[in-house]
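These are the residues of each chain, in order.
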Amino acid sequence: MASNLYYSTSNNSSDNCTDVDDLFKRYYLPAMYGAIFIVGIAGNFTALLVYVLKVRPWKSSTIIMVNLVITDLLFMISLPFFTYYYVQDLWTLGIVMCRFARFIFHFNLYGSILFLTCLAIFRYVAIVYPLHMNNIKQKRWGVLACILVWAVTVAELSPIFNLFDLVEMNNKTYCLDFASNNPQKFWPYSWALTVLGYLLPLVVVCLCYWRIIKTLKKGPHMGCKRRVKARRLIVLILTCFVVCFFPYHVLRALRIYMRLTPETNCMLDRCAHAAYIISRPIAVLNIIFNLPLYTLSGDFKKAFMDLFKCGQLMSKNKGIIKVAVINEPTSNIKSKTAEIQATFSGLQAKVNATVN
């Protein structure tokens, strides 16, 4: 079945290959999607509560962060369907839900890329052009950036609703992934998404952070709080671009290319498909990397501690520590004072005895 469904029938040796890719699809994908769902729901729902209930006032970066959280939560809706689908090896929800689930997967991917790019641009303006810092923090810029991100992402992903179809085989229905559909149709579309949705934002992010690092090196107070946060933000966003997004785009292109060349060795084809399967959950691991991104804001930390009463607990602990610190030196001083008095008394007694 896998040979006919995911590979060209012209490859006569495919029946003699090990179904290593099918094993990854049946066991690896449900496990990864299930773990991402649990962590993503807990972390992003908590972050949304903190932003909505406690973070005040909202700035442009806050609005971008909230939209990033909403994008991640929307993707969480599709994960139970994908998990059930890969466990059962059967799609039962119809063509509309198939296209919607695939659309949400890619919307999270390319929407997150653009939101992270907006954060890079805003941080670039704040660091390189500090006189414009207060202006770029105004909410209208965050609203404008988010509207553009949603509009661009929906526009570049709208062909999904026409390109994706259900495939029926052996009395089963399948909702195939991006690179397992018609390669003639998806090859040019894949390159368009890669260039416009990933490579172009990656170039913008690299240029922004090259200027940021250059500015931070020239300025004084390299260890100040704002500059440390800027460097941490650089590391987190570049980690998402390199670790999460890069392998997926490379392996997706390789997978489609091999489906366009059916004379490829079947075992090599299966291994390339398995690598592409591995890259798909990694591509959405940005949901996990986004969580420490929120904590770089001092407003978020204070709001989180206030919402969950962490401040009261920390103040109590600080009080206990202070009492312990104060009491310990006092007892030491008393003991040392007694030792000095005893020594002085002994010396005085010897002097009196010598005089007498």
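Right, let's walk through the structure included here. All of these numbers come straight from a predicted model, not from anything done at the bench. (Residues numbered from 1 in each chain as written. Predicted model: local features only at pLDDT ≥ 70, side-chain atom pairs only at ≥ 80, totals over all residues. Heavy atoms only, no water.)

**What to know about the nonpolar core**
Among the nonpolar cores identified, the biggest contains 87 residues, and Leu116, Phe178, Ile237, Phe241, Phe245 and Leu293 are the most heavily contacted of them. Ranked by residue count, the leading element in this core is helix α4 (residues 94–128), at 20 residues. (Core = buried A, V, L, I, M, F, W, Y, C linked by side-chain atoms within 4.5 Å. Buried < 20%, exposed > 50% of the residue type's maximum accessible area, 1.4 Å probe, protein only. Helix = DSSP H or I, 4+ residues; strand = E, 2+ residues; numbered from the N terminus.)

**Side note on the environment of tryptophan 150**
On the secondary structure map, tryptophan 150 appears in helix α6 (residues 139–157). Classification of tryptophan 150 as partly exposed rests on a relative accessible area of 27%. For the pair tryptophan 150 and tyrosine 110, spaced 40 residues apart in sequence, the C-alpha separation works out to 9.9 Å. When neighbours within four sequence positions are excluded, tryptophan 150 is seen to be in contact with Asn67, Ile70, Thr71, Leu74, Phe107 and Phe115. A polar atom in the side chain of tryptophan 150 sits 2.9 Å from the side chain of asparagine 67. (Contact = heavy atoms within 4.5 Å. Polar contact = N/O pair within 3.5 Å; in protein donor to acceptor, adjacent residues only side chain to side chain.)

**Remarks on the pattern of salt bridges**
Note on pairing: side chains with opposite charge can pair once their charged atoms come close. Per the stated rule, a full pass over the model turns up five salt bridges. Close ionic contact of lysine 54 with aspartate 306 constitutes a salt bridge, the shortest N to O distance being 3.4 Å. Of the two residues, lysine 54 is situated in the loop between α2 (20–53) and α3 (60–88) and aspartate 306 in helix α12 (residues 298–307); the sequence distance between them amounts to 252 residues. For lysine 54, a relative accessible area of 33% puts it in the partly exposed group. Between arginine 99 and aspartate 165 there is a salt bridge; the shortest N-O distance is 2.9 Å. Of this pair, arginine 99 sits in helix α4 while aspartate 165 is found in the loop between α7 (160–163) and β1 (166–169), placing the two residues 66 residues apart along the sequence. For aspartate 165, a relative accessible area of 36% puts it in the partly exposed group. A cluster of three or more residues bridged by salt bridges with shared partners is formed by Asp22, Lys25 and Asp89. (Salt bridge = Lys/Arg side-chain N within 4 Å of Asp/Glu carboxyl O.)

**Quick notes on the packing of aromatic side chains**
Scanning all chains against the criterion turns up 26 aromatic pairs. Between tyrosine 294 and phenylalanine 300 the ring centres are 6.3 Å apart and the planes differ by 45°, which places this aromatic pair in the tilted class. Residue classification places tyrosine 294 among the buried positions, given a relative accessible area of 1%. Residue classification places phenylalanine 300 among the buried positions, given a relative accessible area of 7%. These aromatic residues form a ring-pair network of at least three members: Tyr33, Phe82, Tyr85, Tyr86 and Trp91. One residue, arginine 252, lies across the ring of phenylalanine 178, its end atom 4.6 Å from the ring centre. (Phe/Tyr/Trp six-rings, centres within 6.5 Å; stacked < 30°, edge-to-face > 60°. Lys NZ or Arg CZ within 6 Å of the ring centre and 35° of its normal.)

**As for the pairing of strand β2 (residues 172–175)**
In this sheet, β2 lies alongside β1 in antiparallel orientation, the contact comprising four bridges. Along β2, the bridge assignment pairs valine 167 with tyrosine 174. Linking two consecutive strands that pair antiparallel, namely β1 and β2, is a turn of two residues; a positive phi of about 55° is found at asparagine 170 within it. (Pairing = 2+ DSSP bridges.)

**Examining the packing of α3 against helix α11 (residues 286–294)**
Contact geometry of α3 with α11 gives a least axis separation of 11 Å together with a crossing angle of 150°. Between α3 and α11, the interaxial angle falls into the category roughly antiparallel. Between α3 and α11 lies a crossing of left-handed hand. On α11, the residues that touch Met65, Leu68, Val69, Asp72, Phe75 and Met76 of α3 are Asn286, Ile287, Asn290, Leu293 and Tyr294. Taken together, the residues of the contact of α3 with α11 sort by class into eight nonpolar, two polar and one charged. (Axes fitted to C-alpha atoms, helices over the stretch in contact; angles between N-to-C directions. Parallel < 35°, antiparallel > 145°, perpendicular 65-115°, else oblique. Left-handed = near helix turned anticlockwise from the far one by under 90°. Nonpolar A, V, L, I, M, F, W, Y, C, P; charged D, E, K, R; others polar.)

**Observations regarding the state of the cysteines**
Inspection of every chain in the model, using the stated rule, returns one disulfide. There is a disulfide in this structure between cysteine 98 and cysteine 175, and the S-S distance comes to 2.0 Å. The disulfide joining cysteine 98 to cysteine 175 has a torsion of about 85° about its S-S bond and is therefore right-handed. With cysteine 98 in helix α4 and cysteine 175 in strand β2, the pair connects residues that are 77 residues apart, well separated along the chain. One exposure class covers both cysteine 98 and cysteine 175, and it is buried. Free of any disulfide, cysteine 208 has its nearest neighbouring cysteine sulfur in cysteine 206, separated by 9.4 Å. Exposure remark for cysteine 208: the relative accessible area of 7% places this residue in the buried category. (Disulfide = S-S within 2.5 Å.)

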